[in-house]
Amino acid sequence: MNATVSAVELFPLRIPRDVPYLGPLEEDNRPNPKGYIVRPGNRTVYPVFDQTLLVRVEASDGTVGWGECFGVVAPQVARTILDELLIPFVIGRSPHDVERIYEDMYDLQRVRGHFGGYALDAIAGLDMALWDLRAKLSGQPVWQLLGGLRRQKLPVYVSGLPGATKEERAALGKRWIERGFSALKFAAVVAAEGEVAEIEAIRSQVGSAPRILADLHWRYTALEAVQLIERLCEYDLYLAEAPVAPEDLAGQAHVARSVKTRIGLGEEWRTVHEYLPRLQAGCMDVIQPEMAHTGITGFVRICELAQAFHCQVMPHATINIGIAQAASLHAAATLANFVMHEYQHTIFDRNKQYIRSAMDCRAGFFTLPDGPGLGVEPTEEALSFAFNQG
Ligand code: MG
């Protein structure tokens, strides 16, 4: 119980994958020498492999905690921030002070303007590992320390339908519904014939009952977004995600006021300070916090703030090996305003071979991991994908 942090070790991982995230590459789309691509019409950079950054904290009694930083691109950046700056300030401290440590880490660089981005990604993985360690030292699951369980099974939506044509993607959606899932999200960037044709194809395959969500990838002006969402609502769109530019707070609020379905925002924000003005302006009905950006401390604070604005939570799920996913489930299982969790099947189902955990996703629900702490650890094989240079 009195153990302190004695060592922190970092593992940037690069795991090869057959088909890049979001589906097969367009014919003339070649990765650059670093292995990165940009999808037509998307503007956002992705790798053709999976990348992440694991954090291993060890206590003076030998107990180990694991965390996972957002590391989709350039995981070397968060690693350097941790190595050069944060880790020496954590050695010798009690993992039971995890929320105080989160605030201290944030304070170290706030007046230099590092209150978001990679600086917070670094804090997120460290925070997660400290929560895991604290819970293991207490002999309790993390959800217990977060105030108590509301649900053992967490409803999900299936995220992404990777197929070459809209007919293939709609058929894939139908197969998920037949397997007991009740909500699907399609990605605008791979809807080559447009979002309206995409939802029409999916709706015709799955029938009227399933919820259909659309990730619009920040692509539209507020006016374009309102016009598009009105047309998608003819096919009973359940939620429109990220319709306008992330900086366009007035546009976000205009869209949310103008349409007849839910607006979901927030996968790119990391602290209550980024959420607060959007909550005050009524920019969204649903927040989508990403655990690998926020850490457990930040995630819970954001969701509780949203609750005060009667805003619901559908957590985001980025490319990760499952440690950030487990942390997100632990936190989500305790929330009053949780609705459903994103289920990135092309990531989770593939990468779960690299973790030891009882966590799984079947027939429409995530099940929580067992045991004390987060209940998830990387395998030796996962750690074999660690790289030091480049
Ligand atoms: Mg998204």
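Overview of the structure.

About the criteria used
Residues numbered from 1 in each chain as written. Predicted model: local features only at pLDDT ≥ 70, side-chain atom pairs only at ≥ 80, totals over all residues. Heavy atoms only, no water. Donors = N, O, S within 2.8 Å, 3.2 Å for Na, K, Ca; no water. Helix = DSSP H or I, 4+ residues; strand = E, 2+ residues; numbered from the N terminus. Buried < 20%, exposed > 50% of the residue type's maximum accessible area, 1.4 Å probe, protein only. Axes fitted to C-alpha atoms, helices over the stretch in contact; angles between N-to-C directions. Parallel < 35°, antiparallel > 145°, perpendicular 65-115°, else oblique. Left-handed = near helix turned anticlockwise from the far one by under 90°. Contact = heavy atoms within 4.5 Å. Core = buried A, V, L, I, M, F, W, Y, C linked by side-chain atoms within 4.5 Å. Domains from an automatic or database assignment. Salt bridge = Lys/Arg side-chain N within 4 Å of Asp/Glu carboxyl O. Pairing = 2+ DSSP bridges. 1 Å grid on protein atoms, 1.4 Å probe; cavity = no way out; pocket = protein on both sides within 12 Å on 5 of 7 lines; lining within 4 Å. Points joined across faces, edges and corners; volume = space filled by probe spheres on them. Expected span 1.5 Å × (residues − 1).

This part covers the coordination of the magnesium ion. Note on metal geometry: ideal angles are 109.5 degrees for four donors arranged tetrahedrally and 90 or 180 degrees for six donors arranged octahedrally. Coordination of the magnesium ion by the protein is provided by Asp215 (OD), Glu241 (OE) and Glu267 (OE), with metal-donor distances spanning 2.0 to 2.2 Å. On the primary sequence, the residues serving as donors to the magnesium ion are separated as D-x25-E-x25-E. In this pair, aspartate 215 is assigned in strand S8 (residues 211–215) and glutamate 241 in strand S9 (residues 237–241), connecting sequence segments 26 residues apart. For glutamate 241, a relative accessible area of 1% corresponds to the buried category.

We now examine the packing of helix H2 (residues 98–107) against helix H3 (residues 117–138). Their axes nearest at 10 Å, the elements H2 and H3 cross at an angle of 165 degrees. By the angle class used here, H2 and H3 are roughly antiparallel. Considering the relative orientation of H2 and H3, their crossing is right-handed. Of H3, the residues touching H2 (which contributes Val98, Glu99, Ile101, Tyr102, Met105 and Tyr106) are Leu120, Ile123, Leu126, Asp127, Leu130, Trp131 and Arg134.

Below, the discussion takes up the nonpolar core. By size, the foremost hydrophobic cluster in this structure holds 130 residues, and its most contacted members are Leu82, Leu126, Met284, Ile287 and Ile296. The biggest single contributor to this core is H3, with twelve residues. Counting contributing residues per domain, this core is built from domain 1 (5–140) and domain 2 (145–374), each supplying no fewer than three. Setting aside residues up to four positions removed in sequence, isoleucine 287 forms contacts with Leu265, Tyr275, Leu279, Ile302, Cys303, Ala306, Cys311, Gln312, Val313 and Met314. Of all hydrophobic cores here, the second largest spans nine residues; its members include Tyr157, Leu213, Leu239 and Val339.

Within the structure shown, the criterion is met by 22 salt bridges. Across the pair lysine 136 and aspartate 132 runs a salt bridge, and its minimum N-O distance is 3.0 Å. Taken as a pair, lysine 136 and aspartate 132 lie in helix H3 at a separation of four residues, close to a single helical turn. Residues joined by salt bridges that share partners form a network here, namely Lys185, Asp215, Glu241 and Glu342.

Turning next to the sheet that holds strand S1 (residues 5–15). Working definition: the strands of a sheet are paired by backbone hydrogen bonds and lie parallel or antiparallel to each other. The strand order across the open sheet built from three strands is S1-S4-S5, with neighbouring strands paired in antiparallel fashion. Single-partner strands in this sheet number two, and they are S1 and strand S5 (64–69). Across this sheet, the average inter-strand angle for adjacent strands is 20 degrees, counted without regard to direction. Note: strand S4 (residues 50–59) against S5, six bridges, orientation antiparallel. Across the sheet, residue glutamate 58 finds its bridge partner in S5, namely valine 64. Across the sheet, helix H1 (residues 75–90) lies against S1, S4 and S5, angled at about 180 degrees from S1, the strand it touches most. Docked against the sheet, H3 engages S1, S4 and S5, running at close to 155 degrees with respect to S5.

This brings us to the layout of surface pockets. Taken as a whole, the largest pocket holds about 990 Å³ of empty space. Taken together, 46 residues form the lining of the largest pocket, with Thr44, Tyr46, Phe70, Glu267 and Thr318 sitting closest to its centre. At the level of secondary structure, the elements contributing two or more residues to the lining of the largest pocket comprise strand S3 (45–47), H3, strand S7 (183–187) and helix H12 (345–351). In terms of residue count, H12 provides more of the lining of the largest pocket than any other element does, four residues in total.

Before going further, it helps to spend a moment on the packing of H3 against helix H10 (residues 291–308). For the pair H3 and H10, the least separation of the axes is 6 Å and the interaxial angle reads 45 degrees. Regarding the angle of H3 to H10, the classification is oblique. Considering how the two elements wind past one another, H3 and H10 form a crossing that is left-handed. When H3 is examined against H10, the residues Leu120, Asp121, Ala124, Asp127, Met128 and Trp131 are found in contact with a partner set consisting of Met291, Ala292, His293, Thr294, Gly295, Ile296 and Thr297.

So, about H3. Here H3 is 22 residues long and its end C-alpha atoms lie 32 Å apart, about the 32 Å a rise of 1.5 Å per residue gives. Counting buried residues in H3 gives 18 out of 22 residues, a clear majority hidden from the surface. Once H3 ends, the next one or two residues include glycine 139, with phi positive near 70 degrees.

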